[in-house]
Amino acid sequence: MLQIKLVRHGLLTLAAAAVVALLVLQSEDVSNFEYIQVAAYVCAAAGLTLLIGVNGQLSLGHAALMAVGAYSAALYLRSGSEDSLASAGDLFVALLVGSVTAAVVGIAVGAVAARLRGPYLAGATLALGACVVGVTTYFDHLLGGDQGLTMPLTEVPAPLSAALTSYQWSALVSLGTALLVLFLLTNLKYSPVGREMAAVRDHEVAAQLCGLSVARVQINTFVVSSAAAGAGGAILGVLYLQIASPGAFTLFLSIYLLAAVVIGGLGSMRGAVIGTVIVLYFGRLIEDRVAHLGLSTAQTDRLAAHLPLAAFGVLLIVVMLAVPGGIQGTLGRIAPRLLQLMETVGGKK
Amino acid sequence: MDRFVFLTVNGVALGAIYASVAIALVIIFRTTRVLNFAQGAMAVASAYGGMAVIEYSGSYWLGFTTALVLGGALGAAARLTVFRSADRQGHLNPIVIGIGLLIVIESALAIAFGPTERHLSTAFSRDLLHLGGTALLSRQDLFTLLAVGVVMSLLAWTLTRTRIGLQMRATAFNPVVARLHGIKVGHILTLGWVIAGVVGALAAMLVVPTGLGLFPQAMDLVFVLGFTSAVIGGLDSLSGAMIGGVATGLALSYASGYLGSELTYVAAFVLLLGVLLLKPAGLFAGTTARSV
């Protein structure tokens, strides 16, 4: 069963990779730049949906873990010579460093989180998110304070430099990483380890009676989730923002991620992707609409900056009250019925 | 020594504000098991209402009263709309709904009033009063302590000496039994949200002018500190929330005074983690088993 799933997910990932590669090669630099952001958010959202949906632990501090990823990648890239371009090797190592460092931080946070439930956990992770600014300001000689750390530009590797623009290269690396994260996490979800995570979510006592260590499973999940968030943070910092600064990793980023996984449907990797795309492009759509309303510049700026957030807030509330399964859950419920309906209709003919 | 006395007094005054946020959270949590993550945003919205009235009428006290009334109204509105069935859902849904409400309120405020800081005046002067050569505290600090003290006493009196207070305690103790005794549990729950809204608005009117000014996210960090205080007190004990608030205020005052003000929120996080790890149920909670 697992092998079949593995093959299926592998083939799906390869197919998706082909589509993504075509998309990137066809797209303008502007779109490719947007894809980098999508990829970064998808990594973090996939990790978050594993944590919340599969394991039942809520985190409102994933932006802080993304910050860890971005800052550690920045420190690694800046440890080389000051103004040289980052080679492909450097870039991959930087993403790995971001992911691993976030996972290490995740061990500590997860060990605490495993002792907390419900609102306690939500409040503690919220407080973790509030620490980013303080830590970066306090260690400003190392982390650059409010200004943050700028990243060296990345260099397209020589064999590809004729065929790819720098944005296409960045988008390929980002989306490739996102697909890798999705492939790994989806397999994890359907593996015995994933079932342990779900068992702990559904009934802690029952899971314990089956011989599981609830705390160990919860910490493991948190570490995996942090690693995904760290990879997302490294992509966001190195390739999209080209800077790691505290202003980029605020509570709002955590809420964007939460909105993405809740709207997409908790616990579903496909839902995390759909949710992320909706959150990012729906936001852009609102900004575009606002720009065409013909208001004054100040009013337009104000609406464009805040209306998308208000819309996500409303969506969060509506989804939680009306369709707790999100898009993926609703599709999953409706699809079999539709099939059934079509069969009965077809049968009558 | 002077510095120590100053930091202590300052910490107690700050702690009074954290205590009122903590009490707003606890009043709701002990009856509905819902932690209202939008409490801070609702308080900021009330403060904006107060500011608008102060600017329009020129009277601080009219604005102050408006803010408190608005806080109560927002509490009732939240309870009767989005949180209507929150106490019957799992623990995840009310948290997400609270976060949703938080960003709706904050972005609505940013759209209506602009994202930049607005000026909200204090009730009294913030010049420090001297006592025997030591700069101690300002009239505004005294007002803060007095206002929070009055509200706490009023609340304690209501809960322990009045019929409605008895009904509130009965509802917190066991909603089903309370309903069987003819208590209108729904009304009592809404009353809890109204009181929480008023107390939260009071905290915002007291803390906002002493901080960076009035902006939509002004209460986010105060909310985290209020939550810390409530957790120290055990999330369902009102006196625990008060002591937790003062403890948090003192800890942060010493941390920022002796270690550097950048570390204020890191200190709060460390404090919160310390309490959660050593005594997750809080220092003053009644002993109840965690339900599974």
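Every chain is numbered independently, its residues counted from 1 as its sequence is written. As a convention, the first chain written is A and the first ligand written is 1, with the rest following in written order. The predicted nature of this model means local features are confined to residues of pLDDT at least 70 and side-chain atom pairs, given and counted, to a pLDDT of 80 or more, with totals for whole chains, interfaces and linings taken over all residues.

Visitor: Sorry if this is basic, but what is going on with the overall build of chain B here?
Guide: Secondary structure counts use DSSP, requiring at least four H or I residues in a row for a helix and at least two E residues in a row for a strand, with both numbered from the N terminus. When its secondary structure is counted, chain B shows eleven helices and two strands. For a compact globule the rule gives 2.2 Å times the number of residues to the power 0.38, and the radius of gyration it is set against comes from C-alpha atoms. Rg of the C-alpha trace for chain B: 19 Å, near the compact-globule value of 19 Å for 292 residues, within the 12% margin. For chain B, the spread of C-alpha atoms along the three principal axes comes to 60 × 45 × 35 Å. For every residue pair, C-beta atoms are placed from the backbone, and the pair is scored as a contact if these atoms sit within 7 Å. Taking all contacts inside chain B whose residues are at least 6 apart in sequence as the whole, residues at least 24 apart take part in 71%.

Visitor: Just checking my understanding: could you explain the overall build of chain A for this structure?
Guide: For chain A, the helix and strand inventory stands at 14 helices and two strands. For 349 residues, the compact-globule estimate of 2.2 N^0.38 gives 20 Å, and the C-alpha radius of gyration of chain A, at 21 Å, lies within 12% of that figure. Residue burial is a threshold on neighbouring C-beta atoms within 10 Å of the residue's own C-beta, all placed from the backbone, with 20 or more meaning buried, 12 or fewer meaning exposed, and counts in between meaning partly exposed. Burial analysis of chain A (349 residues in total) assigns 50% to the buried set. Of the contacts made within chain A by residues no fewer than 6 positions apart, 81% connect residues no fewer than 24 positions apart.

Visitor: I'm lost on the interface of chain A and chain B in this one. Help?
Guide: Residue-level contacts link 41 residues of chain A with 40 residues of chain B. Only helix H5 (118-138), helix H9 (204-209), helix H11 (251-264) and helix H13 (297-322) of chain A provide two or more residues apiece to the side of chain A that touches chain B. With 15 residues, the single largest contributor to the side of chain A that touches chain B is H5(A). Here the residues of the side of chain A that touches chain B sort into 31 nonpolar, six polar and four charged. Three residue categories are used. Nonpolar comprises Ala, Val, Leu, Ile, Met, Phe, Trp, Tyr, Cys and Pro, charged comprises Asp, Glu, Lys and Arg, and polar comprises the others, including Gly.

Visitor: I would appreciate a short explanation of the UniProt feature "transmembrane region" (unreviewed entry) in chain A in the present structure.
Guide: All names here are of chain A. The positions that UniProt labels "transmembrane region" (unreviewed entry) are, in the present scheme, residues 36-53, 60-79, 91-113, 120-139, 167-188, 222-243, 255-282 and 303-323. The distance separating the terminal C-alpha atoms of residues 36-53 is 25 Å; by composition the span is 100% helix and 0% strand. Secondary structure content for residues 167-188 is 100% helix and 0% strand, while the C-alpha to C-alpha distance between its ends is 31 Å. UniProt positions are given in the numbering used here, feature names are shortened, and annotations may be inferred rather than shown by experiment.

Visitor: Would you mind going over helix H10 (residues 238-259) of chain B with me for this structure?
Guide: Every α-helix winds through 3.6 residues per turn, so residues three or four apart in the chain are directed the same way. Between the first and last residue of a helix there are one fewer steps than residues, each counted as 1.5 Å, and that sum is the expected span. Its 22 residues give H10(B) an end-to-end C-alpha distance of 31 Å, which sits within 8% of 32 Å, the value for a rise of 1.5 Å per residue. Just beyond H10(B), the residue with positive phi is Gly260(B), at close to 125 degrees.

Visitor: So what exactly am I meant to see when it comes to the UniProt feature "transmembrane region" (unreviewed entry) in chain B here?
Guide: All names here are of chain B. Taking the numbering used here, the UniProt-annotated feature "transmembrane region" (unreviewed entry) corresponds to residues 6-27, 34-54, 60-80, 92-113, 142-159, 188-208, 214-233 and 265-286. Along residues 142-159 one finds 100% helix and 0% strand; the C-alpha atoms at either end are 26 Å apart. Between the end C-alpha atoms of residues 188-208 there is a gap of 30 Å, over a span that is 95% helix and 0% strand.

Visitor: I'm lost on the packing of helix H3 (residues 62-79) of chain A against helix H10 (residues 214-241) of chain A in this one. Help?
Guide: For any two helices packed against each other, one specifies the inter-axial angle together with the distance between the axes. Residues and elements named next belong to chain A. Two numbers describe how H3 lies on H10: the axes approach to 7 Å, and their chain directions differ by 55 degrees. In this view, H3 runs oblique relative to H10, as classed from their interaxial angle. Regarding H3 and H10, the two cross each other, and that crossing is right-handed. When H3 is examined against H10, the residues His62, Leu65, Met66, Ala67, Val68, Gly69, Ala70, Ala73, Ala74 and Leu77 are found in contact with a partner set consisting of Ser226, Ala229, Gly230, Ala231, Gly232, Gly233, Ala234, Leu236, Gly237 and Val238. Taken together, the residues of the contact of H3 with H10 break down into 13 nonpolar, seven polar and no charged. Axis geometry follows a simple rule: fit a line to the C-alpha atoms, using only the stretch in contact for helices, then measure angles between N-to-C directions, giving values from 0 to 180 degrees. Should an angle fall under 35 degrees it is called roughly parallel, over 145 degrees roughly antiparallel, and 65 to 115 degrees roughly perpendicular, with every other angle called oblique. Crossing chirality is assigned from the near helix's rotation relative to the far helix, an anticlockwise turn below a right angle marking it left-handed and a clockwise turn marking it right-handed.

Visitor: So what exactly am I meant to see when it comes to the confidence of the model for chain A here?
Guide: Low pLDDT marks regions whose predicted coordinates should not be analysed in detail. Here chain A shows a mean pLDDT of 88. Residues at 70 or above account for 97%. Scored between 0 and 100, pLDDT is the confidence that the predictor attaches to each residue. In the model of chain A, helix H14 (residues 326-348) of chain A stands out as the element of lowest mean pLDDT, 75, in contrast to H10(A), which has the highest, 95.

Visitor: Whenever I open this one, the environment of Val270(B) confuses me. Can you help?
Guide: Take Val270(B): it is sitting in helix H11 (residues 264-278). As a C-alpha pair, Val270(B) and Leu221(B) span 49 residues in sequence and 14 Å in three-dimensional space.

Visitor: I would appreciate a short explanation of unusual backbone geometry in the present structure.
Guide: Glycine aside, the phi torsion of most residues is negative, and most peptide linkages are trans. Of note, the phi angle at Gln242(A) is positive, near 60 degrees, even though the residue is not glycine. With respect to the helices and strands, the residue Gln242(A) is situated in the loop between H10 and strand E2 (243-244). On the basis of neighbour counts, which here come to 15 C-beta atoms within 10 Å, the residue Gln242(A) falls in the partly exposed class. Positive phi, close to 60 degrees, is recorded for Arg33(B), a residue that is not glycine. If you trace the backbone, Arg33(B) turns up in the loop between helix H1 (2-32) and helix H2 (39-57).

Visitor: I'm lost on the environment of Thr228(B) in this one. Help?
Guide: Residue and element names in this part refer to chain B. Counting through the fold element by element, threonine 228 comes out in helix H9 (residues 220-233). Residue threonine 228 is classed as buried on the basis of its 31 C-beta neighbours within 10 Å. Sequence separation of threonine 228 and alanine 255 is 27 residues, and the distance between their C-alpha atoms is 15 Å.

Visitor: So what exactly am I meant to see when it comes to the packing of H1(B) against helix H8 (residues 185-207) of chain B here?
Guide: Residues and elements named next belong to chain B. Following both chains from N to C, one finds H1 and H8 inclined at 165 degrees, their axes separated by 8 Å at the closest point. Comparing their axes, H8 and H1 come out roughly antiparallel. Regarding H1 and H8, the two cross each other, and that crossing is left-handed. Contacts between H1 and H8 pair Ile17, Ser20, Val21, Ile23, Ala24, Ile27, Ile28, Thr31 and Thr32 from the former with Leu189, Gly192, Trp193, Ile195, Ala196, Val199, Gly200, Leu202, Ala203, Leu206 and Val207 from the latter. Among the residues making up the contact of H1 with H8, the classes are represented as 15 nonpolar, five polar and no charged.

Visitor: I would appreciate a short explanation of H8(B) in the present structure.
Guide: Taking 1.5 Å of rise per residue, 23 residues should cover 33 Å, and H8(B) covers 33 Å from first to last C-alpha, within 8% of that figure. The element H8(B) is largely enclosed, with a buried count of 19 among its 23 residues.

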